[in-house]
Amino acid sequence: MNDKIKVKNVILRSGGDSLLPLMLVYMMYIILHGHLSPGGGFQGGVLMVAAVTILYLGHGYETTTRALSADLLHGTEGFASVVYVALAMLGVCAGAQFCENILYRQGAIGDLYSSGTIFWMNLTVGVKVLTGVGSIALLMLGLVSERSAQNEKG
């Protein structure tokens, strides 16, 4: 019975290790191209739950928390919030409205950087959601691993 568990762990670990880089690249693609196609910062950030879960299933909770520091995630989420508000205030500083796109004349239509302030706001939303959802996923997986450890003891 124990050999079957080891084989399952090897399959999960190798499958997860091969899928994780592709998932991260796809997540960043969704975030960076959100102003050009369906998707965006929120959708790309939510894909972080899948990445955290794949890492957890393949390597366990301890490795996942070492790879994704909760303190770093919290700090980055706060930084992204501040950057978003600063970008939104650019409109007010330029004599326009809050969150108004004042840099819309930069870039050619269809290019990666073609939407001015919207691109940067979408990127900061992606980072904020990515770090926030990553933190929540780590907390939830911590509860699951703690409960499973308690069930194994007694």
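Use the structure listed above.
Description of the structure in this document.

What counts and what doesn't
Residues numbered from 1 in each chain as written. Predicted model: local features only at pLDDT ≥ 70, side-chain atom pairs only at ≥ 80, totals over all residues. Heavy atoms only, no water. Helix = DSSP H or I, 4+ residues; strand = E, 2+ residues; numbered from the N terminus. Buried < 20%, exposed > 50% of the residue type's maximum accessible area, 1.4 Å probe, protein only. Axes fitted to C-alpha atoms, helices over the stretch in contact; angles between N-to-C directions. Left-handed = near helix turned anticlockwise from the far one by under 90°. Contact = heavy atoms within 4.5 Å. Nonpolar A, V, L, I, M, F, W, Y, C, P; charged D, E, K, R; others polar. Patch = residues over 30% accessible without salt bridge, like charges linked within 9 Å, V, L, I, M, F, W, Y side chains within 5 Å. Areas by Shrake-Rupley, 256 points an atom, 1.4 Å probe, with all protein chains shown as cover. Salt bridge = Lys/Arg side-chain N within 4 Å of Asp/Glu carboxyl O.

Moving on, we come to unusual backbone geometry. With a phi close to 70°, C99 is a non-glycine residue in the positive phi region. In this structure, C99 sits in the loop between α5 (70–93) and α6 (117–153). Assessed through its relative accessible area of 32%, C99 is described here as partly exposed.

Put simply, helix α3 (residues 48–59) and α6 touch, their axes get as near as 9 Å, and they point 35° apart. Pair α3 / α6 crosses with right-handed handedness. Taking contact as the criterion, the partners of M48, V49, V52 and Y56 in α3 are, on α6, L130, V133, G134, A137, L138, L141, V144 and S145. Of the residues contributing to the contact of α3 with α6, the split by class is 10 nonpolar, two polar and no charged.

So, on to a nonpolar patch on the surface. Taken together, V85, M89, V92 and F98 make up a surface patch of nonpolar side chains, about 330 Å² in accessible area. Structurally, V92 can be placed in helix α5. Here V92 falls in the partly exposed class, since its relative accessible area comes to 39%.

Moving on: the environment of G45. Along the chain, G45 turns up in helix α2 (residues 41–46). The exposure class assigned to G45 is buried, which follows from its relative accessible area of 0%. Sequence separation of G45 and K153 is 108 residues, and the distance between their C-alpha atoms is 36 Å. Those residues in contact with G45, other than ones at most four positions away along the chain, are I31, G126, V129, L130 and V133.

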